[in-house]
Amino acid sequence: MKFKVTLALCAVVLGLVLFLFSPFFGVREIVITGNGTVNRAEIEDLLGVVTGDNILIFNPAAARRRIFENLYIDHVSFRRELPGRLYVQVRERRLIAYVEHIPGSFLFIDETGRVLEIRSNFTEPLPVVTGLPITSFQLGERLDVPSRSVFNTVAQYAQALQRYGLATKVTHIDVTDVFNTRIRFPNIEFNVGDARDADEKVRVMVEVLLNLPDVASYRGFMDLREIASQYFLTILT
């Protein structure tokens, strides 16, 4: 009698195991959200899961390690919806500027100063940072700079420029003299001083550029080091 009960239990367990590892629990759909810079195909490749793989043996920790090989990805989470749908939610680091390290070499940095790429060229229009002193750098790590306040100035202006839609129009942010930070457009330069009132100074830039009748026809300079009730655009010849 005991033998029959044991045999029946073994048959149930075996049947359950076979069911759990059957095609019924194969991955049928992978839903990826939150990505922008990183394309879907690359995430799927790093995920290491293809249609038909058993969703129950999916290893989130191993998949997370592989996905973090892409430095643009800051966070990833997974959710399984049985029997065969896998949700992947990513959060990307935001590229804010390029730092010119040496002529012809650019460090792609996020708002924390983390180096996301090192390349000899770029296609996305964003400010090029010049004059930033760098002690050392390593791909995937934050820039080692003598003064964090200098980088914080860059970060504040770069983020404000993105917030008000000017980041793709600026050519350079020059912090050679951090107390006379220069923000350059193709034909107009603003001396914004230091990081004080960065948001308001960028809003002034927006108004100036919007109210020039033909901004492309002007070459000019404006002093924005101090917030004032009115500003003067110096026309350069």
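The model shown is predicted, which means the values in this text are computed figures rather than measured ones.

A. Summary view of the pattern of salt bridges. Tallying each qualifying case throughout the model produces 16 salt bridges. Measuring nitrogen to oxygen at the nearest pair gives 2.8 Å for the salt bridge that ties Arg 91 to Asp 74. Residue Arg 91 is found in strand 3 (residues 85-92), and its partner Asp 74 is found in strand 2 (residues 73-81); the two are separated by 17 residues along the sequence. Here Arg 184 makes a salt bridge to Asp 174, at a shortest N to O gap of 3.3 Å. Linking Arg 184 in strand 9 (residues 181-184) with Asp 174 in strand 8 (residues 172-174), this pair joins segments that are 10 residues apart in sequence. Of the residues examined, Asp 174 reaches a relative accessible area of 13% and is grouped as buried. Three or more residues joined by partner-sharing salt bridges are found here, namely Glu 29, Arg 79, Glu 81 and Arg 85.

B. Just the sheet that holds strand 10 (residues 188-193), in detail. Strand order in the open sheet formed by nine strands is 6-5-4-7-8-9-10-11-12, and the pairing between neighbours is mixed. Two strands lie at the open edges of the sheet, namely strand 6 (115-119) and strand 12 (233-235), each paired on one side alone. In this sheet, neighbouring strand axes are inclined to one another by 25 degrees on average, regardless of whether the strands run parallel or antiparallel. Packed on one face of the sheet, helix 4 (residues 148-163) meets strand 4 (95-102), strand 5 (105-110), strand 7 (128-130), strand 8, strand 9 and strand 10 and runs near 135 degrees to strand 4. Here helix 5 (residues 198-211) sits on the sheet and contacts strand 9, strand 10 and strand 11 (220-223); the angle it forms with strand 10, its principal contact strand, is near 160 degrees.

C. Region of the structure containing helix 5. Helix length check: helix 5, at 14 residues, gives a terminal C-alpha distance of 20 Å against a target of 20 Å (1.5 Å per residue), a fit within 8%. For helix 5, the full list of buried residues reads Ala 198, Lys 201, Val 202, Val 204, Met 205, Val 206, Val 208 and Leu 209. Residues of helix 5 that are buried in the fold lie against helix 4, strand 9, strand 10 and strand 11.

D. Focus on unusual backbone geometry. The linkage connecting Leu 82 with the following residue, Pro 83, adopts the cis geometry, with an omega of 15 degrees. Topologically, Pro 83 is positioned in the loop between strand 2 and strand 3. For Asp 197, which is not glycine, the phi torsion reads 55 degrees and is therefore positive. Relative to the helices and strands, Asp 197 is located in the loop between strand 10 and helix 5. Looking at Asp 197, the relative accessible area reads 46%, which means it is partly exposed.

E. Looking closely at the pairing of strand 2. Sheet topology places strand 2 next to strand 3; eight bridges connect them, and they run antiparallel. Across the sheet, the residue bridging to Ser 77 is Gln 89, located in strand 3.

F. Quick peek at the nonpolar core. Among the nonpolar cores identified, the biggest contains 66 residues, and Leu 47, Val 88, Leu 132, Leu 161, Ile 183, Phe 190 and Met 205 are the most heavily contacted of them. Excluding residues that lie within four positions of it along the chain, Leu 132 makes contacts with Val 99, Leu 143, Val 145, Val 150, Phe 151 and Val 175.

G. The arrangement of helix 4 in detail. The end-to-end C-alpha distance of helix 4 is 22 Å, a good match for the 22 Å that 16 residues give at a rise of 1.5 Å each. Turning to helix 4, its buried residues number three or more, namely Val 150, Phe 151, Thr 153, Val 154, Ala 155, Tyr 157, Ala 158, Ala 160 and Leu 161. Of the residues trailing helix 4, Gly 165 is marked for its positive phi of about 75 degrees.

H. Representation of the packing of aromatic side chains. Taken as a whole, this structure holds five aromatic pairs when the rule is applied. Ring plane angle 15 degrees and centroid distance 4.1 Å describe the contact between Tyr 98 and Phe 122, whose orientation is recorded as stacked. Of this pair, Tyr 98 sits in strand 4 while Phe 122 sits in the loop between strand 6 and strand 7; the two residues are 24 residues apart in sequence, bridging distant segments of the chain. When the ring of Phe 185 is compared with that of Phe 190, the centres are 5.7 Å apart and the planes differ by 80 degrees; the resulting orientation is edge-to-face. Among the residues examined, Phe 185 registers a relative accessible area of 7% and is labelled buried. Positioned over the ring face of Tyr 87 is Arg 79, at 4.1 Å from the centre of the ring.

I. Quick peek at a nonpolar patch on the surface. Residues Leu 56, Ile 57 and Leu 82 make up a contiguous nonpolar surface patch of about 280 Å² in total accessible area. Mapping Leu 56 onto the fold places it in the loop between helix 2 (40-47) and helix 3 (60-67).

The rules we used
Residues numbered from 1 in each chain as written. Predicted model: local features only at pLDDT ≥ 70, side-chain atom pairs only at ≥ 80, totals over all residues. Heavy atoms only, no water. Salt bridge = Lys/Arg side-chain N within 4 Å of Asp/Glu carboxyl O. Helix = DSSP H or I, 4+ residues; strand = E, 2+ residues; numbered from the N terminus. Buried < 20%, exposed > 50% of the residue type's maximum accessible area, 1.4 Å probe, protein only. Pairing = 2+ DSSP bridges. Axes fitted to C-alpha atoms, helices over the stretch in contact; angles between N-to-C directions. Contact = heavy atoms within 4.5 Å. Expected span 1.5 Å × (residues − 1). Core = buried A, V, L, I, M, F, W, Y, C linked by side-chain atoms within 4.5 Å. Phe/Tyr/Trp six-rings, centres within 6.5 Å; stacked < 30°, edge-to-face > 60°. Lys NZ or Arg CZ within 6 Å of the ring centre and 35° of its normal. Patch = residues over 30% accessible without salt bridge, like charges linked within 9 Å, V, L, I, M, F, W, Y side chains within 5 Å. Areas by Shrake-Rupley, 256 points an atom, 1.4 Å probe, with all protein chains shown as cover.

The quantities given are spatial measurements derived from coordinates; they are silent on function.
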